[in-house]
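Close look at the chain arrangement
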Amino acid sequence: DEPIYIEFVGDILLEGDYEPAKPIILSNVVTNVNLNNKTITAPVFAESNGQVLEGNSDSYAFWVKEGAELTIEGEGEVVAQEATYSMAVWANGGKVTIKGGKFYNNGDNSDLIYASNGSQVEIFGGEFYANENKGAEGTKNTHPALNIKDKDRANTSIKVYGGKFYGFNPANNVSEGPNTNFVAPGYKSVEVEPEVWEVVAE
């Protein structure tokens, strides 16, 4: 079977599970993805200075660059595979809106949703299952679901209006400093069961 290739431009309704050969790289496009109860499995590769190379150090499903706007909605899963840097979504200059879906990653020192380079990330729903941190330097969270690149904090943001986070409290991102709060004004993070936080309106 030829691997299917989807051009992620405009409105995309996934017709089947999707395993792209390379990460889904978006720049200067507007893309709305309805997961439609399907699974996107990120490839494993090596990334060096923006190039996608053969290797096994990296696995990310969506790589959202400058000028791109990505919205993810619907039921379904986005899964990053085992790698040193395993991220379901890397917002690297673009805008990302998450309204639904389940997000997973599999790395020792990886962030599930990572923002850098002036990105804006807004989360209104979805479930976030970050991998267990195996003692990476600079990360104090046991399950680092959300992270902003330190040097980009002045112009990069993650705002959480909803969603459920497993092993991670978005109102207390200890990696960024105790009580660093990614929850949007007017919303709060509630521990709905042990080590599971849901963001709801205050």
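Up top is the structure these notes are about.
Let us look at the structure shown here. (Residues numbered from 1 in each chain as written. Predicted model: local features only at pLDDT ≥ 70, side-chain atom pairs only at ≥ 80, totals over all residues. Heavy atoms only, no water.)

With that settled, the discussion passes to the packing of aromatic side chains. Any pair of aromatic rings gets described here by the distance separating the centres and the angle formed by the planes. Applying the stated rule across the entire model yields 14 aromatic pairs. Taking the centre distance of 5.4 Å and the plane angle of 85 degrees together, the rings of Tyr60 and Trp90 count as edge-to-face. Separated by 30 residues along the polypeptide, Tyr60 in strand E6 (residues 51-65) and Trp90 in strand E9 (residues 85-92) bring together distant segments of the chain. Look at Tyr104 and Tyr129: their rings are 4.7 Å apart centre to centre, the planes differ by 10 degrees, and that puts the pair in the stacked class. Remark: Tyr129 occurs in strand E14 (residues 127-129) and Tyr104 occurs in strand E11 (residues 102-106); sequence separation between them is 25 residues. We classify Tyr104 as partly exposed; its relative accessible area is 24%. Counting every residue linked through ring pairs, the aromatic cluster contains Phe45, Tyr60, Trp63, Trp90 and Tyr114. One residue, Lys65, lies across the ring of Trp63, its end atom 4.4 Å from the ring centre. (Phe/Tyr/Trp six-rings, centres within 6.5 Å; stacked < 30°, edge-to-face > 60°. Helix = DSSP H or I, 4+ residues; strand = E, 2+ residues; numbered from the N terminus. Buried < 20%, exposed > 50% of the residue type's maximum accessible area, 1.4 Å probe, protein only. Lys NZ or Arg CZ within 6 Å of the ring centre and 35° of its normal.)

Counting buried positions along E9 gives seven out of eight residues, so the element sits mostly inside the fold. Both E6 and E9 contribute to a ladder of seven bridges, which runs parallel. The residue of E9 that forms the bridge with Asp58 is Tyr85. Here E9 runs beside strand E12 (residues 113-116); their pairing, made up of four bridges, is parallel. (Pairing = 2+ DSSP bridges.)

On to the side chain of Thr71, then. Along the chain, the position of Thr71 falls in strand E7 (residues 69-73). Those residues within four positions of Thr71 in sequence are excluded, and the remaining contacts are Thr31, Asn32, Val33, Thr97 and Lys99. (Contact = heavy atoms within 4.5 Å.)

Further remarks concern the sheet that holds strand E10 (residues 95-98). If you trace the six strands from one edge of the open sheet to the other, you get E1-E3-E7-E10-E13-E16, paired in parallel fashion. Because the sheet does not close on itself, it has two edges, and the strands there are strand E1 (10-13) and strand E16 (157-160). Neighbour-to-neighbour, the strand axes of this sheet turn through a mean angle of 10 degrees, independent of strand direction. Alignment of E7 against E10, held across four bridges, turns out to be parallel. Bridged to Thr71 within E10 is Thr97. (Axes fitted to C-alpha atoms, helices over the stretch in contact; angles between N-to-C directions.)

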